[in-house]
Amino acid sequence: GPAPWISSLKDPRLGAAILAMADKPEAPYTLQELADLSGMSRAAFAEHFKRTYRRTPMDYLKTLRLRRAAELLSGSDLPVKVVTGRVGFESRSYFTRAFRAFSGLHPTEYRARARAEADREGA
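Residues numbered from 1 in each chain as written. Predicted model: local features only at pLDDT ≥ 70, side-chain atom pairs only at ≥ 80, totals over all residues. Heavy atoms only, no water.

Novice: Looking at this structure, I do not really get the packing of aromatic side chains. What am I missing?
Specialist: This model, assessed by the stated rule, comprises nine aromatic pairs. With centroids separated by 6.0 Å and ring planes inclined at 50°, the aromatic side chains of Phe99 and Phe102 adopt a geometry described as tilted. In this pair, Phe99 and Phe102 are both assigned in helix H7 (residues 92-103), three residues apart and thus about one turn of the helix distant. Here the aromatic rings of Phe99 and Tyr110 are separated by 5.1 Å at their centres, their planes lie at 85°, and the arrangement is edge-to-face. Placement of Phe99 in helix H7 and of Tyr110 in helix H8 (residues 107-122) is noted, with a sequence separation of eleven residues between them. (Phe/Tyr/Trp six-rings, centres within 6.5 Å; stacked < 30°, edge-to-face > 60°. Helix = DSSP H or I, 4+ residues; strand = E, 2+ residues; numbered from the N terminus.)

Novice: Explanation requested: helix H2 (residues 12-23) in the structure shown.
Specialist: Residues three or four positions apart in an α-helix share a direction because the helix packs 3.6 residues into each turn. Under the 1.5 Å per step criterion, the end-to-end length of H2 is 16 Å for twelve residues, consistent within 8% with the ideal 16 Å. Taken as a whole, H2 has its buried residues at Leu14, Gly15, Ala17, Ile18, Ala20 and Met21. (Expected span 1.5 Å × (residues − 1). Buried < 20%, exposed > 50% of the residue type's maximum accessible area, 1.4 Å probe, protein only.)

Novice: Is there a simple way to explain the nonpolar core in this structure?
Specialist: One recurring pattern in soluble globular proteins is that nonpolar side chains are buried together. In terms of nonpolar packing, the biggest core is built from 17 residues, with Met21, Tyr29, Phe45 and Phe49 touching the most fellow members. Secondary-structure elements contributing two or more residues to this core are H2, helix H3 (31-38), helix H4 (42-53) and helix H5 (57-75). No other element matches H2, which puts five residues into this core. Filtering out sequence-adjacent residues up to four positions away, Phe49 remains in contact with Leu14, Ile18, Met21, Arg54, Arg55, Thr56, Pro57 and Tyr60. Counting residues in each nonpolar core, the second largest holds 13 residues, with Leu66, Leu72, Val87 and Ala98 among its members. (Core = buried A, V, L, I, M, F, W, Y, C linked by side-chain atoms within 4.5 Å. Contact = heavy atoms within 4.5 Å.)

Novice: I'm lost on the packing of H5 against H7 in this one. Help?
Specialist: Where H5 meets H7, the closest approach of the two axes is 10 Å, and the angle between their N-to-C directions is 90°. Here H5 lies roughly perpendicular to H7, going by the angle between them. The residues of H7 that touch H5, namely those facing Lys62, Thr63, Leu66, Arg67, Ala69, Ala70 and Leu73, are Tyr94, Phe95, Ala98, Phe99 and Phe102. The class makeup of the residues in the contact of H5 with H7 is nine nonpolar, one polar and two charged. (Axes fitted to C-alpha atoms, helices over the stretch in contact; angles between N-to-C directions. Parallel < 35°, antiparallel > 145°, perpendicular 65-115°, else oblique. Nonpolar A, V, L, I, M, F, W, Y, C, P; charged D, E, K, R; others polar.)

This is the structure:
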């Protein structure tokens, strides 16, 4: 579907939460904080968000974090433990499971493949 920020133009209340999550996905947001940003009750926000984006706000945030992790893994030499914290995960083991579900690869495997592809493209 369309990018979430495009959908948020249909409902500016959700736009504030989307922009906050995109700007700082590593922040320890709660559902209540995101609802407050949107000027909605927690229940109304959760239901409206899911109806609009077909996923929960926390699942959306997790995906943003994993995308940012993929960028850091492919574009830096930061240890996986550091990437884990920088994208808002508290547990490296949970991050590793989530990243594997997201990309199909362990974070170190993802980094190795991304570098190999970059080397092939640069050659």
